[in-house]
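Next come the chains, spelled out residue by residue.
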Amino acid sequence: MKINPLPLLQRMKVQQLWLFSVILSVLLTEAVVAGMGLLLKGEVPPDYLLTGLVASCFVASLVVAMLGYFLEKLTESQLQLYAIVEAEPECVKLLAADGTVLQMNRAGLNMIEADSLDQLVGLHVQELVTQEYRDAFIALTKRVFEGESGILEFEILGLKGAHRWLDIHAVPLRDSHGHITALLAVTRDITERKIAENVLRESEYKFATVLDSVEAFIYIKDCKYRYLYANQPVRELFGNRLEDIIGKSDDVFFDQATTEKLYENDRRVIELGERIATEEINTDKDSGITKTYLSVKQPLRREDGTIYGLCGISTDITDRKQMDEAREEALNRLQKIASRVPGVVYQYRLRPDGSSCFPFASEAIKEIYRVSPEEVIDDASKVFAILHPDDIEGIASTIQTSELDLTPWRHEYRVKFDDGTVRWLFGNALPQRETDGSTLWHGFITDITERKQMEEKLRDSDGLNASILNSLTSHIAVLDAQGVIVAVNNAWRRFAKDNGLSESSQNMLGVNYLEVCKNAFNQPYGNEANAAQEGIAAVLAGEREIFHLEYPCHSPAQQRWFQMNVSPLQGSRRGVVISHENITERKKAEEATQAASQYARSLIEASLDPLVTISTEGKITDVNTATEQVTGVDRDSLIGSDFADYFTDPENAREVYRQVFSQDFVFDYPLAIRHVSGQVTDVLYNASAYHDGKGKVLGVFAAARDITEFKQIEAELTRSNAELEQFAYAVSHDMRQPLRMVTSYLSLIENALTGQLNEETQQFLDFAVNGAKRMDAMILSLLDYSRIGRVFEAKTRLSSKASLDEALAFLSPELSACGGEIKVTGEWPELVASRDELTRLLQNLIGNALKYHEENQPPQVHIHGAVRGGALRVEVRDHGIGIEPKQMDRLFKVFSRLQARSRFEGTGVGLALCRKIVEHHGGDIGAESAGEGQGSMFWFELSVVDAANAE
């Protein structure tokens, strides 16, 4: 019977086969041993033993077959396992507890850059791990040999120097008894993943940096309106870190009203899925500051379309809103101004496609073009339709040039309306380039029809213009748009001749004046030449309206100064007119003035009178030596101190400069200066204000005159005048008494001899009577003359017109008798004067004008008052007999008569009396006449300065 064990063995597991063969071998061995023992003892016959051996051999062959099959299967399994491990793309290795490699597949060798397993003999794997992760790797190994499993990401440095990132999964390997014999690990190369993570991390950092660098506020919110992200501007706005913002809602940062509006906008985005762009006005909760933002918000969606939040971008437009409001206000002001400007103020836009419009035009466009602003706001074709056909090409060319070069547009052109009316217009505008590529001009257009008509009339008068130019003393040249001289006057030619130019070159026609100035840059006065070239070019370009320059000029004979004036040509021709005016005398005067100023300073310092300058605050700013002497205070201490501190009556001293500030000057103001020793000096102050170039008062200049001696003399003079007055009265009284007796007795004689005297004796008697009367009148006049300034009523504030009216009332009989006419004109301010004396002054001057006239010609008198320089000037003008010029110096002397008594009566004291009255009031008096028969004009001036403040 044959037994095939293979099917049975094949159905058995390897472990079962191994166990079965072991047991069978043991039993067989024991059976053989037992049979041999029985045979030796003779207890078993040999044939039985043979049968047992045969059976044993069978069993042995069966065992051998089983063991061979087992070994074959075991080897096959190992080979399969080895093949699987070798084919694994990840590193599979066995490590001992000290980290040495027991086994490693080919993928692992490649990872550590080893050619074979032999290279790893004695190598501790942790030596390949970079220092940063080495301790963690050793700790993992230790945990595995303690029975745990572990995972670790680490970096290694291969045997050939390559860096790799690895991911290890390690577990303990146990024997049949459960003892840990090795560390079994599967390791993956994750270098590419790590690089990708670093790239992603760097990309996220760059993206966050970009968002943080954007000025706009960028943020992300979840569906509960809480912040998930906020860029740097948002964090700065809230004053918080990102971690303090994430998870918070708007109510933490804004007031309730703002939060509710923001919530409504966010709800539209998240719940309704809308993308919104709106203005949001937000008020900060802490500061209370309100700002306006332009916010764009859109929903964030997953791949399935569901919304998980929103992304918002908000831009602060607070300044722009304020600018818009300011621009709107400015536009309104511009419209108001434009409505008052003669001409149309406008904006003209030329679009890239060639179309054009007037975005803005004042109402005057109706007058200029006969169209309304609304008709051309989008399309300018209606304006171009009325342009004169002959001017369209020129207008288009100048607009094109202005657009290309962005230079000012200036052009004169015509428009022609349907009714045949033609008007000349002048346009002036400045261009600017817009962001959309269009060009926008800002300018104005005026109607110059009348001017063009005048030019047309004057076009044929070139000869007249040349005559006018040649009559001017200034050197004049006309330049065209390129700076070439096209015309000069005779003064220019004479100047060129004086400076040595040949006759053919004196006109300089065709010479480019700009080049002449440019070439003179490196010569003496080259800076002035350069300035002249730049100024002329600026006027030619329309950048300046006019240009002025003062410059020195050497000629062969002398050095002179000139002033250059440059102004643009008016009309359609572009160019400038240059005039050079000789200002040498003015420059010399300025130098003389400067020298005089220095000289004046020396005089001031040398003055014996105390002189000071006072600021508008009443502080002393400068003094002379005389001031130091009269006060006993040195100059440094005086400067900066209060002017009023050095007088016995400080308030009265302050009144000095107060009056000067209000009236510009003050005369003979009495004050008393106190020396530091206590000595008092009586002075009269004269002060005047000094100004800057714009007329603003900078301070006061004051001069004091010591009147101590004058007061003593005045006291003596007062006493002497009193005695003289008494003497004059006594003399006049005593002298008039005999005269009255002579006159009386002569009258008695005349009466007694009535009818008995012949004609000659009667004439002698009349001479005696008249002589006595004239002497009496002369004594009275002399008495009046002596009393002027000594016996008078007090000066008071009075109306000069009232005094004039009073004088005219006194002269009413004379005026009626002569049949004359008096005309009064001008200003008649208030004065401080003696009413008696002022009336007498006017009465004497007007009486003379009525008196001295031809017998057949009634007097015509014109009285005129005018305020000049703080004084009233009164002029009494007549058409009478006039005055011989050589007799003028005798007019105002006592008893000086210019006419015979037989023609005009008088004592010859009247004008002397007038002079004394005027001098007593501190004024001036004079007379003017072209000669006998030419009439005369008497005038006087009295100050009105004190009248304004007189009480």
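A brief report on the enclosed structure follows. Because the structure is predicted, anything quoted here is derived from the model rather than measured. (Residues numbered from 1 in each chain as written. Predicted model: local features only at pLDDT ≥ 70, side-chain atom pairs only at ≥ 80, totals over all residues. Heavy atoms only, no water.)

Our focus in this paragraph is the overall build of the chain. Counting its secondary structure elements, the chain contains 28 helices and 32 strands. Residues classed as buried in the chain amount to 36% of the 951 residues present. Summed over all atoms, the accessible surface of the chain reaches about 55,600 Å², with 54% contributed by carbon and sulfur. (Helix = DSSP H or I, 4+ residues; strand = E, 2+ residues; numbered from the N terminus. Buried < 20%, exposed > 50% of the residue type's maximum accessible area, 1.4 Å probe, protein only. Areas by Shrake-Rupley, 256 points an atom, 1.4 Å probe, with all protein chains shown as cover.)

Taken in spatial order, the five strands make up an open sheet running β22-β21-β25-β24-β23, and their pairing is antiparallel. Here the strands that pair on one side only, and so sit at the sheet edges, are β22 (620-623) and β23 (665-674). Sheet twist, expressed as the mean angle between neighbouring strand axes with direction ignored, is 30°. Of the strand pairs in this sheet, β23 and strand β24 (residues 680-691) are connected by eight bridges, and their pairing is antiparallel. Counted as the bridge partner of Y669 is Y685 from β24. Contacting β21 (611-615), β23, β24 and β25 (697-706), helix α22 (residues 650-663) crosses the sheet at an angle of about 165° to β23. (Pairing = 2+ DSSP bridges. Axes fitted to C-alpha atoms, helices over the stretch in contact; angles between N-to-C directions. Contact = heavy atoms within 4.5 Å.)

This part covers helix α13 (residues 392-405). Residues spaced three or four apart along an α-helix point in a common direction, a consequence of the helix completing one turn every 3.6 residues. A rise of 1.5 Å per residue sets the reference length of α13, with its 14 residues, at 20 Å; its end C-alpha atoms lie 20 Å apart and thus fit the reference within 8%. Among all positions of α13, only I395, I399 and S402 are buried. All buried residues of α13 fall inside an arc of 65° around its axis, so they share one side. Opposite the buried face of α13, by more than 90 degrees, sit the exposed residues E393 and L404. The elements touched by buried residues of α13 are β11 (344-350), β13 (409-416), β14 (422-433) and β15 (439-447). (Expected span 1.5 Å × (residues − 1). Arc of directions from axis to C-beta.)

A word on the packing of helix α27 (residues 835-851) against helix α28 (residues 910-920). Axis separation between α27 and α28 bottoms out at 10 Å; the angle between their running directions is 145°. Between α27 and α28 lies a crossing whose hand is left-handed. Contact residues: E837, R840, L841, N844, L845 and N848 in α27; G910, L911, L913, C914, I917, V918 and H920 in α28. Among the residues making up the contact of α27 with α28, the classes are represented as seven nonpolar, four polar and two charged. (Left-handed = near helix turned anticlockwise from the far one by under 90°. Nonpolar A, V, L, I, M, F, W, Y, C, P; charged D, E, K, R; others polar.)

Going through the model one piece at a time under the given rule, you end up with 21 aromatic pairs. Summarising the aromatic geometry, the rings of Y219 and Y227 are spaced 6.1 Å apart at their centres and angled 75° between planes, so their arrangement reads as edge-to-face. Y227 shares its class with Y219; the two are buried. Seen from their ring centres, F238 and F253 are 3.9 Å apart, and the 0° between their planes marks the pair as stacked. Here the residue F238 occupies a position in helix α7 (residues 232-238), and F253 occupies one in the loop between α8 (242-245) and α9 (256-270), the gap between them amounting to 15 residues. Residue classification places F238 among the buried positions, given a relative accessible area of 12%. One aromatic cluster in this structure is built from Y219, Y227, F238, F253 and F254. Over the aromatic face of F417 sits the side chain of R370, whose NZ or CZ is 3.9 Å from the ring centroid. Just above the ring of W939 sits the side chain of R873; from NZ or CZ to the centre is 4.5 Å. (Phe/Tyr/Trp six-rings, centres within 6.5 Å; stacked < 30°, edge-to-face > 60°. Lys NZ or Arg CZ within 6 Å of the ring centre and 35° of its normal.)

For the rest of this paragraph, the subject is the pattern of salt bridges. When their charged atoms lie close together, side chains carrying opposite charge are able to pair. Here the structure, examined in full by the defined rule, presents 42 salt bridges. Note that D316 is salt-bridged to K291, the shortest N-O span being 3.7 Å. Linking D316 in strand β10 (residues 307-316) with K291 in strand β9 (residues 290-301), this pair joins segments that are 25 residues apart in sequence. By relative accessible area, which is 31% here, K291 ends up partly exposed. In this structure, the salt-bridge partner of R349 is E434, at a minimum N-O distance of 3.3 Å. On the criterion of sequence distance, the pair formed by R349 in strand β11 and E434 in the loop between β14 and β15 is long-range, its members being 85 residues apart. (Salt bridge = Lys/Arg side-chain N within 4 Å of Asp/Glu carboxyl O.)

Judged by nonpolar contacts, the single largest core of 34 residues is most densely connected at L841 and F940. Sorting the residues of this core by element identifies α25 (800-810), β28 (830-833), α27, β29 (860-868), β30 (871-878), α28, β31 (924-928) and β32 (936-943) as the ones contributing at least two each. What L841 contacts, discounting residues up to four positions off in sequence, is C914, I917, V918, I925 and F940. Core analysis: the second largest hydrophobic core is formed by 27 residues, L128, F137, L140 and L152 among them. (Core = buried A, V, L, I, M, F, W, Y, C linked by side-chain atoms within 4.5 Å.)

Inspection of the secondary structure puts T584 in helix α19 (residues 584-606). Within the structure, T584 has its side chain in polar contact with the side chain of N582 (distance 2.6 Å). Among residues more than four places away in sequence, those in contact with T584 are Q559, R560 and W561. (Polar contact = N/O pair within 3.5 Å; in protein donor to acceptor, adjacent residues only side chain to side chain.)

Next up on the list: unusual backbone geometry. For Y225, which is not glycine, the phi torsion reads 65° and is therefore positive. Topologically, Y225 is positioned in the loop between β6 (217-222) and β7 (227-230). For Y225, a relative accessible area of 12% corresponds to the buried category. Despite not being glycine, D664 shows a phi value in the positive range, around 80°. Within the secondary structure layout, D664 lies in the loop between α22 and β23. Judged by relative accessible area, which is 31%, D664 ranks as partly exposed.

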